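A look at the structure
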Amino acid sequence: MTAQLLDGVALGQKLRAGFKLKAEELAAQGVRPGLAVILVGEDAASQVYVRNKVNACAQAGIHSEKYTYAPDVAPQVVFDKIAELNADPKIHGILVQLPLPGHFDADAVLEAIAPAKDVDGFRAENVGALMQGQPCFIPCTPYGAMKFFEEAGISLKGKEAVVVGRSNIVGKPMAMLLMHAGATVTVCHSQTRDLKAHCLRADILVAAIGKAKMITGDMIKPGAVVIDVGINRIQEGPDAGKLCGDVDFESAREVASFITPVPGGVGPMTITMLLANTLESAERAASA
Ligand code: NDP
């Protein structure tokens, strides 16, 4: 079997075309959706992510503002900017690019964002609402992953889903969304015994680990749907410098029924759902 690709670029473009119309509708009602992005430090990957987010906003007709700070900036400067943006009616979403330098308390920074503008969905209120199945901003990466199932008509009801990784921004919300959608979910992490045995039971396998090509074809149940969240830079060999996922794509695609590539899978969908959340926030402001 050669797996069908779940193409995040194509799905993202399709959704973003609809977003542009929505942004125009809102602008006609006097509310131009706006996103503020805060970047602290000089991490090369973060700079690329922020640039992509700002460009995606421009293409979707969403106003964006970017604030960049030196790695040694005093945290209070960033807190003051967040307070200003919280009060700014032009801004409907605030995103602080992670990771932050070590002298920042990242949780405190995220909690400083007004809940109504927390389009990343990382604040405790949002996390609690997600857990209870209440309306919330769904964290963008797992939200994007869920869109693949919807688009490909993959039902999750009664399926065995295994999520490898339990971070607050990917693994945990992913598990929650899969559970809400009717899957029976197992969450694996670095202390899991016999990861392979868990993975082999998965009809739906989500890898969010941060370890290049760790999930190999022999760990995948034939016909499984594989969502590869990982973004890793290959360090050595002929492909040094290129990106790869947490899944060994070549061996996995021979076993899986559907698979997301890296790059071009979950990454573009993460940005797409950031736009979706920003629009949702602007819509709420328009109807307030
Ligand atoms: P974290 O480092 O926060 O979490 C990694 C998780 O993987 C942890 O729960 C860790 O377990 C688990 N893990 C580590 N080693 C193993 C192992 N040997 N076996 C099983 N589990 C293991 O990473 P993130 O969740 O933030 O990101 C994961 C990956 O996704 C990264 O490559 C990141 O770059 C990428 N990413 C991609 C995005 C996109 O848009 N495509 C967005 C966000 C992240 P433990 O908790 O026990 O330490």
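As recorded by an unreviewed UniProt entry, the protein carries the name Bifunctional protein FolD and is attributed to Candidatus Propionivibrio dominans. According to UniProt, the comment filed for the protein under the heading Subunit (unreviewed entry) is "Homodimer." UniProt annotates the protein under Pathway (unreviewed entry) with the comment "One-carbon metabolism; tetrahydrofolate interconversion."

1. Looking at the site of the ligand
Around the ligand sit 21 residues, and of these R166, S167, S190, K211 and T270 come closest. In the environment of the ligand, an oxygen atom lies 2.7 Å from a nitrogen or oxygen atom belonging to the side chain of R166. Here K211 contributes a side-chain N or O atom positioned 3.0 Å from a nitrogen atom of the ligand. Expressed as a share of its isolated accessible area of 930 Å², the protein-covered part of the ligand is 71%. Broken down by element, the shell around the ligand gets its largest block of residues, three residues, from helix α10 (residues 266-287).

2. A closer look at the environment of H92
For H92, the position within the fold is in the loop between α3 (75-86) and β4 (93-96). Through-space distance from the C-alpha of H92 to that of I209 is 31 Å; in sequence the pair is 117 residues apart. Beyond its immediate sequence surroundings of up to four residues, H92 is in contact with V31, R32, P33, G34, A116, K117, V119, T278, S281, A282 and A285.

3. Re the sheet that holds strand β2 (residues 34-40)
Read from one edge of the open sheet, three strands run β3-β2-β4, paired in parallel fashion. The sheet is open, and its two edges are formed by β3 (63-69) and β4, each paired on a single side. In this sheet, neighbouring strand axes are inclined to one another by 15° on average, regardless of whether the strands run parallel or antiparallel. Examined bridge by bridge, β2 and β3 share seven bridges and lie parallel to one another.

4. Some words on the sheet that holds strand β5 (residues 160-164)
Across the sheet, which stays open at both edges, the six strands sit in the order β1-β11-β8-β7-β5-β6 with parallel pairing between neighbours. The open sheet terminates on both sides in strands that have one partner only, identified here as β1 (4-5) and β6 (184-188). Bridge count for β5 against β6 is five bridges, and the pairing is parallel. Of the residues in β6, the one forming a bridge with A161 is V185. Along the sheet, helix α6 (residues 140-152) makes contact with β7 (204-207), β8 (225-228) and β11 (258-259), crossing β8 at roughly 150°. The sheet contacts of helix α7 (residues 171-180) involve β5, β6 and β7, and relative to β5 the element is tilted by about 170°.

5. Observations concerning a nonpolar patch on the surface
A cluster of nonpolar side chains, namely V48, Y49, I231 and L243, defines an oily patch on the protein surface of about 280 Å² accessible area. Along the polypeptide, I231 turns up in the loop between β8 and β9 (232-233). For I231, a relative accessible area of 40% corresponds to the partly exposed category.

6. Some details on the domain arrangement of the protein
Its domain assignment divides the protein into domain 1 (30-116) and domain 2 (140-267). Between domain 1 and domain 2, the C-alpha centre-to-centre distance is 28 Å.

7. Notes on the environment of V119
As for its placement among the helices and strands, V119 is situated in the loop between α4 (106-112) and α5 (124-132). Taking the C-alpha atoms as reference, V119 lies 5.3 Å from G93; in sequence the two are 26 residues apart.

8. With respect to the UniProt feature "domain: Tetrahydrofolate dehydrogenase/cyclohydrolase catalytic" (unreviewed entry) in the protein
Summarizing the sequence annotation, UniProt attributes the feature "domain: Tetrahydrofolate dehydrogenase/cyclohydrolase catalytic" (unreviewed entry) to residues 6-120 in the numbering used throughout. Annotated as residues 6-120, this span is 49% helix and 16% strand, and its ends, taken at the C-alpha atoms, are 23 Å apart.

Analysis parameters
Residues numbered from 1 in each chain as written. Predicted model: local features only at pLDDT ≥ 70, side-chain atom pairs only at ≥ 80, totals over all residues. Heavy atoms only, no water. UniProt positions renumbered as here; feature names shortened; annotations may be inferred. Near = heavy atom within 4 Å. Polar contact = N/O pair within 3.5 Å; in protein donor to acceptor, adjacent residues only side chain to side chain. Areas by Shrake-Rupley, 256 points an atom, 1.4 Å probe, with all protein chains shown as cover. Helix = DSSP H or I, 4+ residues; strand = E, 2+ residues; numbered from the N terminus. Contact = heavy atoms within 4.5 Å. Pairing = 2+ DSSP bridges. Axes fitted to C-alpha atoms, helices over the stretch in contact; angles between N-to-C directions. Patch = residues over 30% accessible without salt bridge, like charges linked within 9 Å, V, L, I, M, F, W, Y side chains within 5 Å. Salt bridge = Lys/Arg side-chain N within 4 Å of Asp/Glu carboxyl O. Buried < 20%, exposed > 50% of the residue type's maximum accessible area, 1.4 Å probe, protein only. Domains from an automatic or database assignment.

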